[in-house]
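Residue strings, one per chain:
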Amino acid sequence: MYPSLIKKALKLAATASHLCPPNPSVGCVIIGDHDRLLGQGQTQPTGGPHAEVMAIRDAAKNGLSVNGATAYVTLEPCSHHGRTGPCCDALIAAGIKKVVATNIDPNPLVAGQGFARLRAAGVEVEVLAADDPLAIQSRELNIGFFSRMIRKTPWVRMKIAASLDGKTALDNGTSQWITSPAARADGHAWRARSCAVLTGIGTVLQDNPRLDVRLVQTTRQPKVVIVDSDLKTPIDAAIFMPGRDVWIYTATQNEPRRQRLEASGATVLFMPDTRTDGSPTGKVDLAAMLLDLGRREINELHIEAGERLNGSLIREGLVDELLIYLAPKLLGQGRDMASWGPLNDLAQAPQLEFRSTDMVGPDLRLLARVSGRDVF
């Protein structure tokens, strides 16, 4: 019985992935006597109720009491006052007698305290083993949240659309469109689950992209991050939209330019990199940028950039996985997926593991993860 109910809760959690960042996507199912479904819910947009409260409210809406019932939830109920009150207290007040959860919350403000409060109130608590497939599935759904809480940096996913011979654009820069409408829509779904989309100034100047989600339904647009060492972002760039956060990381202190960009809606962040002797490189410190994004509550960082910035991020060991769409066509000479190196030995190459291979329309989608990156 447990697996089917947890799977149901996981399906609910998955529907929240576009809604609730930076909060984790959580689902809750409450079951009464004779396996009767009493209530169910998932995390709401930031500041709204969490899954447990939604499930309790769902039962109440139908005139059902959850006193003595069992709650199946895809993450430890929170125990702290954040944007909402503690979920463990809501479960206790509602009379829940047992909680079955997939994982301990990695948030240091919770980290077992929710379970401890439930047990102290006489609620039976059962937590799946860390290697249980359902526990793993639950962590995967919130891999960005786990990354931010444990590593203090976002989960970095690099998306690339390319030809079968690995070219992302023609030699003259033309890239629209290498992959199919189906692949582009699928890519927007991955954008939608991220907290922020990152690109480089080269892509901004070449393509003037919007980097928003428009090919799938969403109630929340991800933030935009631009790596712009020399502060060349045009003040009329398409990324600037009313009410949208645009963060520009730069290595240049140009006060007049900063003021003009911030008047357009950007937040300009000075984060220069330095050499071992302390001299400036003229580039943005990418590792420091990720730490800053973690502090700004970015769980999943979705990268859509050019070959040079892609190469820099890979060379610095900052990429966790690659989402690659390969079109069934050959382009010959053109722009590469990533440019860095050269390597002196094959052993220096980042080791990847294929996590999935799927057809999306006529294109092949590969999800490849850097080995060991998901061991927090």
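Residues numbered from 1 in each chain as written. Predicted model: local features only at pLDDT ≥ 70, side-chain atom pairs only at ≥ 80, totals over all residues. Heavy atoms only, no water.

*Asks:* Quick question: what am I supposed to make of the packing of helix α2 (residues 51-61) against helix α3 (residues 87-94) here?
*Replies:* Pairs of packed helices are described in terms of their axes, by the angle between the two and the distance that separates them. Contact geometry of α2 with α3 gives a least axis separation of 8 Å together with a crossing angle of 25°. By the criterion of interaxial angle, the relationship of α2 to α3 is roughly parallel. As for the relative orientation of α2 and α3, their crossing is left-handed in sense. Taken together, the residues of α3 that come into contact with α2 (itself represented by Glu-52, Val-53 and Ile-56) are Cys-87, Ala-90, Leu-91 and Ala-94. Looking at the contact of α2 with α3 residue by residue, the classes come out as 6 nonpolar, no polar and 1 charged. (Axes fitted to C-alpha atoms, helices over the stretch in contact; angles between N-to-C directions. Helix = DSSP H or I, 4+ residues; strand = E, 2+ residues; numbered from the N terminus. Parallel < 35°, antiparallel > 145°, perpendicular 65-115°, else oblique. Left-handed = near helix turned anticlockwise from the far one by under 90°. Contact = heavy atoms within 4.5 Å. Nonpolar A, V, L, I, M, F, W, Y, C, P; charged D, E, K, R; others polar.)

*Asks:* Sorry, what's going on with the sheet that holds strand β5 (residues 124-127) here?
*Replies:* Across a sheet, paired strands are connected by hydrogen bonds in the backbone, their directions being either parallel or antiparallel. Taking strand neighbours across the sheet as the criterion, the 5 strands line up as β2-β1-β3-β4-β5 in an open arrangement whose pairing is mixed. Of all strands in the sheet, those with a lone pairing partner are β2 (37-42) and β5, marking the two edges. Going from strand to strand, the sheet's axes swing by 15° on average, the running direction of each strand aside. Where strand β3 (residues 70-73) meets strand β4 (residues 98-101), 4 bridges bridge the pair, whose relative direction is parallel. Among the inter-strand pairings, Ala-71 is bridged to a residue of β4, identified as Val-99. Contacts from helix α1 (residues 2-15) reach β1 (27-31), β2, β3, β4 and β5, with the element oriented near 140° to β1. Packed on one face of the sheet, helix α4 (residues 113-120) meets β4 and β5 and runs near 150° to β5. (Pairing = 2+ DSSP bridges.)

*Asks:* So what exactly am I meant to see when it comes to the pattern of salt bridges here?
*Replies:* Any two side chains of opposite charge can pair, so long as their charged atoms come close to each other. What the rule picks out here adds up to 26 salt bridges. Glu-300 is the partner of Arg-193 in a salt bridge, and the nearest nitrogen-oxygen pair spans 2.5 Å. Taken together, the positions of Arg-193 in helix α7 (residues 181-193) and Glu-300 in strand β14 (residues 300-303) put the pair 107 residues apart, joining distant regions of the chain. A single salt-bridge network, built from bridges that share partners, covers Glu-140, Arg-157, Arg-193, Glu-300, Glu-321, Glu-353, Arg-355, Arg-369 and Asp-374. (Salt bridge = Lys/Arg side-chain N within 4 Å of Asp/Glu carboxyl O.)

*Asks:* Where do I start with helix α5 (residues 133-141) in this structure?
*Replies:* Within α5, burial applies to Leu-134, Ala-135, Ser-138 and Leu-141. For α5, the angular spread of buried residues about the axis comes to 120°, placing them on one side. Considering only its buried residues, α5 is in contact with α1, α6 (143-150) and α7. The distance from a side-chain oxygen at the start of α5 to the backbone nitrogen of Leu-134 is 2.8 Å, and the residue carrying that oxygen is Asp-132. (Buried < 20%, exposed > 50% of the residue type's maximum accessible area, 1.4 Å probe, protein only. Arc of directions from axis to C-beta. Polar contact = N/O pair within 3.5 Å; in protein donor to acceptor, adjacent residues only side chain to side chain.)

*Asks:* Even after reading the chapter, I still don't get the side chain of Thr-203, so can you show me in this structure?
*Replies:* As for its position among the elements, Thr-203 is in helix α8 (residues 201-207). On the accessibility criterion, Thr-203 (16% relative accessible area) is buried. Among the polar contacts made by the side chain of Thr-203, one reaches the side chain of Thr-199 at a distance of 3.5 Å. The contact partners of Thr-203, leaving out residues within four places of it in the chain, are Asn-208, Pro-209, Glu-304, Ala-305 and Gly-306.

*Asks:* What is the right way to look at the packing of aromatic side chains in this model?
*Replies:* The relation between two aromatic rings is expressed through the spacing of the ring centres and the mutual angle of the planes. For the structure shown, the criterion picks out 1 aromatic pair. Ring centres of Trp-155 and Phe-376 lie 6.2 Å apart, and the angle between their planes is 90°; on these two criteria the pair is classed as edge-to-face. Of this pair, Trp-155 sits in strand β6 (residues 155-163) while Phe-376 sits in the segment after β18 (363-370), and the two are 221 residues apart along the sequence. On the basis of relative accessibility, which here comes to 0%, the residue Trp-155 falls in the buried class. Directly above the ring of Trp-247 sits Arg-296, whose terminal nitrogen or CZ lies 5.3 Å from the centroid. (Phe/Tyr/Trp six-rings, centres within 6.5 Å; stacked < 30°, edge-to-face > 60°. Lys NZ or Arg CZ within 6 Å of the ring centre and 35° of its normal.)

*Asks:* Would you mind going over the nonpolar core with me for this structure?
*Replies:* By size, the foremost hydrophobic cluster in this structure holds 32 residues, and its most contacted members are Tyr-249, Met-289 and Leu-293. Residues in contact with Tyr-249, not counting those within four places in the same chain, are Val-225, Ile-226, Val-227, Asp-228, Ser-229, Leu-269, Met-271, Val-284, Met-289, Asp-292, Leu-293 and Arg-296. Formed by 26 residues, the second largest nonpolar core is a distinct cluster that contains Ile-56, Leu-75, Ala-94 and Val-125. (Core = buried A, V, L, I, M, F, W, Y, C linked by side-chain atoms within 4.5 Å.)

*Asks:* Mind showing me how you'd approach the pairing of β4 here?
*Replies:* Across a regular strand the side chains alternate sides, sitting on one face of the sheet and then on the other. A two-sided burial pattern is seen for β4, the buried positions comprising Lys-98 and Val-100 on one face and Val-99 and Ala-101 on the other. Strand direction decides the pairing type here: β4 and β5, joined by 4 bridges, are parallel. In the strand pairing of β5, Val-100 is matched with Glu-126. Between β4 and its parallel partner β5, the chain crosses via α4, and the hand of that crossover is right-handed. (Right-handed = clockwise from strand over helix to strand, strands pointing away.)

*Asks:* Whenever I open this one, the sheet that holds strand β17 (residues 352-360) confuses me. Can you help?
*Replies:* Read from one edge of the open sheet, 9 strands run β11-β10-β9-β8-β14-β6-β15-β18-β17, paired in mixed fashion. Because the sheet does not close on itself, it has two edges, and the strands there are β11 (266-270) and β17. Adjacent strand axes in the sheet meet at a mean angle of 20°, parallel and antiparallel pairs treated alike. Sheet analysis places strand β10 (residues 246-250) next to β11, joined by 5 bridges and oriented parallel. Following the sheet pairing, Val-246 is matched in β11 by Ala-266.

*Asks:* Even after reading the chapter, I still don't get unusual backbone geometry, so can you show me in this structure?
*Replies:* If a residue is not glycine, its phi is most likely negative; likewise, a peptide bond is most likely trans. Cis rather than trans, the peptide bond between Pro-21 and Pro-22 has omega equal to 10°. Look at the link from Gly-341 to Pro-342: it is a cis peptide, with omega at 5°. Along the polypeptide, Pro-342 turns up in the loop between β16 (334-336) and β17. Phi is positive for His-34, which is not a glycine, with a value near 60°. The residue His-34 is located in the loop between β1 and β2 in this model. In this model, Leu-211 sits at a positive phi of 55°, which is unusual for a non-glycine residue. Within the secondary structure layout, Leu-211 lies in the loop between α8 and β9 (223-227).

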